[in-house]
Amino acid sequence: MCGIVGYIGPRSAAEICLAGLKRLEYRGYDSAGVAVISDGELDVRKVVGKLANLEEALQAEPLVGAPGIGHTRWATHGKPSVVNSHPHLSTNGRIAVVHNGIIENYGELREQLTGEGHKFVSQTDTEVMAHLVQKYYEGDLREAVRRAVLDLEGAFAFGVICADSPDELVAVRRFSPLVIGLGEGENYIASDMGAIRPETDKVYVIGDDELALITRDDVELTDLALDPIEREVFVIPWPAAAAQKGGHKHFMHKEIHEQADAMHACLAGRLSAPDQPIVLEGLAMSEREIKDLRKVVFTACGTAYHAGMVGRFVMENLAQVPAEVDLAAELRARDPVVLDGTLAVVISQSGETADTLVALRDLKAKGAKVVSVLNVVDSSIARESDGVVYIQAGPEIGVASTKAYTLQVLTTELIALRFAEVRQAAEPAVLRSLKEALLDVPQQAQELLDREDDVRAVAQAYCQMANSLFLGRGVNLASAMEGALKLKEISYVHAEGYSAGEMKHGPIALVDPNLFTVAIAVAGEVYEKMIGNIQEIKARSGPVIGVANDNDTVIGNECDHMIWVPPCAELVSPITVAIPLQLLAYHIADMRGEDIDQPRNLAKTVTVE
Ligand code: F6R
């Protein structure tokens, strides 16, 4: 939520901030702004709407100089407007701040600062920081930021510049993500590595309550008591091109097409052959701990929650460990009982989702061991987990999660298989055939991507309809819910993901010729029942798109349109089924002319509860 970029060095800060913000725009796009120090004065441009508007404003009236800080906003306090856009300035106009997060005690600070003569112009929580830094500034910017931060409650990552300290950029964080990029005679700050990857592959990942004093040639890291911190340089493991569209119309499309390769990378070194044990280095659990497990609680939000639904199913089915899955925001609300031997599996692409992080903390405080399944390395969730298994998807920039989902499911299945192996909970032949199925998945994913035109044709037939239902059962209930989420979030078509078994208990009343149903009926335990559900919908004149296996000779006669997927083990099928459903959502949204990479009201990394 919100993206920040900052630069100090000989080049134009505005240009570098703008380029970095473009790579962060997925974090919010309600408004944007940049401030630079130019001839000892702060100069600022702010606009409502997307970065294209900021780019235009900068072309009309360029900003010259450095250091500079930039921001792209996802509104929390105060509606999107120029005055509420960042950077925010102090009353004397000498200090500018950009912020990602929420300052919880801003009301009380605002009142106090107003009483002391500071003039507020916006409705934002962020503005208090600019005034606080002015209040404490006595010629030492880092000291002023340090003292200001001591007054704050909440979550934040800040970049701060001051016209009276023109050779410094100060950054600090608590709970919200922040990295410092290291160049030669120039340095950067950013909300994530992707924003500055084209400039440098070397970063410091900043921890909570760590303060950075950044000059052209140096970065000094300290804690809030100003004790120095030694930090290893992290080398970004993916090439600069990974954060670009690479010829695709949208990041979402590119990321859908990266799935086969990403699956190979995810399996490499972990599952080499069907008769070899699974190796998951980051898991950090001894065989004894795995054998002693009494319960596994999956928790996550949105798409990652759907991966958790598959995880729960596979964990019980294969590893025979009682398992639950909870939406992170709901888990907190219900104060769960955590018994000895409980493992929390926390799933998150970004590793920064506030609800998920707070659920992790609650479970940990109650005694659960925490293993997380993450994409972004060294994120907040990573740092608070006992073990981390990375999905190895590479950067995901499209707001709608695609490759992260299939890799979350794949990784979660590897964990369940590992547990099943150690606990000897499943017959060796069952484990062997599932491993074979997982080893085949990258090839099947590629086959499905090669069939994109077939899915596009189905999308063409339904792209004008306003209502849809996605039905699944068993392990593919998650696929139905994920398929519906993908469609609704990028196309704004009403889409409900539902258990097919629940149809008769209410939702079937919705069925009519104007609502299309996507029915997932791949081979497995629930296939016959799904065929029955399809017939019930057809009997009520509802159009049906069936999702079934290539060699199925029955289902084609039951449905209006078909999406075919190669046959595989039922437990593995959520991975393959997801791919054509992502493509279906993508093409429907594209045919409707929607802004696929930046759907309205959404942001990729949700760092507020
Ligand atoms: C939907 C989507 C979201 C995220 C959710 C959790 O396409 O991307 O539902 O899955 O906001 O985000 P992470 O995985 O970063 O914790």
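Residues numbered from 1 in each chain as written. Predicted model: local features only at pLDDT ≥ 70, side-chain atom pairs only at ≥ 80, totals over all residues. Heavy atoms only, no water.

Colleague: Honestly, the sheet that holds strand E2 (residues 31-38) in this entry has me stumped. Any pointers?
Modeller: The pairing of strands in a sheet happens through backbone hydrogen bonds and is either parallel or antiparallel. Strand order in the open sheet formed by eight strands is E3-E2-E4-E1-E10-E9-E11-E14, and the pairing between neighbours is antiparallel. Each end of this open sheet is capped by a strand with a single partner; those strands are strand E3 (41-48) and strand E14 (234-235). Inspection of the sheet shows E2 paired to E3 by eight bridges, in the antiparallel sense. Within the sheet, the bridge partner assigned to Ser 38 lies in E3 and is Glu 41. Lying on the sheet, helix H1 (residues 13-24) is in contact with strand E1 (3-8), E2, strand E4 (68-73) and strand E10 (187-190); it crosses E1 at an angle near 155°. (Pairing = 2+ DSSP bridges. Helix = DSSP H or I, 4+ residues; strand = E, 2+ residues; numbered from the N terminus. Contact = heavy atoms within 4.5 Å. Axes fitted to C-alpha atoms, helices over the stretch in contact; angles between N-to-C directions.)

Colleague: Explanation requested: the sheet that holds strand E7 (residues 154-162) in the structure shown.
Modeller: Strand order in this open sheet of six strands is E5-E6-E7-E8-E12-E13, and the pairing throughout is antiparallel. Where the open sheet ends on each side, the last strands, each with one partner, are strand E5 (88-89) and strand E13 (219-223). Pairing between strand E6 (residues 95-103) and E7: nine bridges, direction antiparallel. The partner of His 99 across the bridge, within E7, is Phe 158.

Colleague: Whenever I open this one, the site of the ligand confuses me. Can you help?
Modeller: As a structural note, the neighbourhood of the ligand is formed by 13 residues, with Ser 348, Gln 349, Ser 350, Thr 353 and Glu 489 the closest of them. For the ligand, an oxygen atom lies 2.6 Å from a polar atom in the side chain of Ser 350. The backbone of Val 399 places a nitrogen or oxygen atom 3.4 Å from an oxygen atom of the ligand. Protein chains bury 90% of the 400 Å² of accessible surface belonging to the ligand in isolation. Sorting the residues of the shell around the ligand by element identifies helix H10 (302-319) and helix H17 (477-491) as the ones contributing at least two each. Broken down by element, the shell around the ligand gets its largest block of residues, three residues, from H10. Residues belonging to the shell around the ligand are distributed by class as follows: four nonpolar, seven polar and two charged. (Near = heavy atom within 4 Å. Polar contact = N/O pair within 3.5 Å; in protein donor to acceptor, adjacent residues only side chain to side chain. Areas by Shrake-Rupley, 256 points an atom, 1.4 Å probe, with all protein chains shown as cover. Nonpolar A, V, L, I, M, F, W, Y, C, P; charged D, E, K, R; others polar.)

Colleague: I tried to follow unusual backbone geometry on my own but got confused; where do I start?
Modeller: Most peptide bonds take the trans form, and the phi angle of most residues other than glycine is negative. In this model, Ala 66 is joined to Pro 67 through a cis peptide bond whose omega is 0°. A cis amide bond links His 86 to the next residue, Pro 87, at an omega of 0°. Inspection of the secondary structure assignment puts Pro 87 in the loop between E4 and E5.

Colleague: Explain the environment of Val 172 to me, please; I cannot follow it from the model alone.
Modeller: Within the secondary structure, Val 172 sits in strand E8 (residues 169-174). Given a relative accessible area of 0%, Val 172 falls into the buried group. In this structure, Val 172 is in contact with Val 145, Val 149, Phe 156, Ala 157, Phe 158, Leu 178, Glu 210, Leu 211 and Leu 224, ignoring residues within four places of it in sequence. (Buried < 20%, exposed > 50% of the residue type's maximum accessible area, 1.4 Å probe, protein only.)

Colleague: Just to check I follow, could you spell out the nonpolar core for this structure?
Modeller: If you look at soluble globular proteins, the nonpolar side chains tend to sit buried side by side. Judged by nonpolar contacts, the single largest core of 96 residues is most densely connected at Leu 283, Val 296, Met 315, Leu 318 and Phe 419. Here the element with the most residues in this core is helix H14 (residues 403-423); it accounts for 12 residues. Counting 33 residues, the second largest nonpolar core, distinct from the first, contains Ala 14, Tyr 29, Leu 51 and Phe 251. (Core = buried A, V, L, I, M, F, W, Y, C linked by side-chain atoms within 4.5 Å.)

Colleague: For this particular structure, what's the right way to read the environment of Arg 600?
Modeller: By the element assignment, Arg 600 lies in the segment after helix H19 (573-591). Considering only alpha carbons, one finds Arg 600 and Arg 216, 384 residues apart in sequence, at a separation of 38 Å. If near-sequence neighbours (up to four positions away) are discounted, Arg 600 is found in contact with Tyr 29 and Tyr 492.

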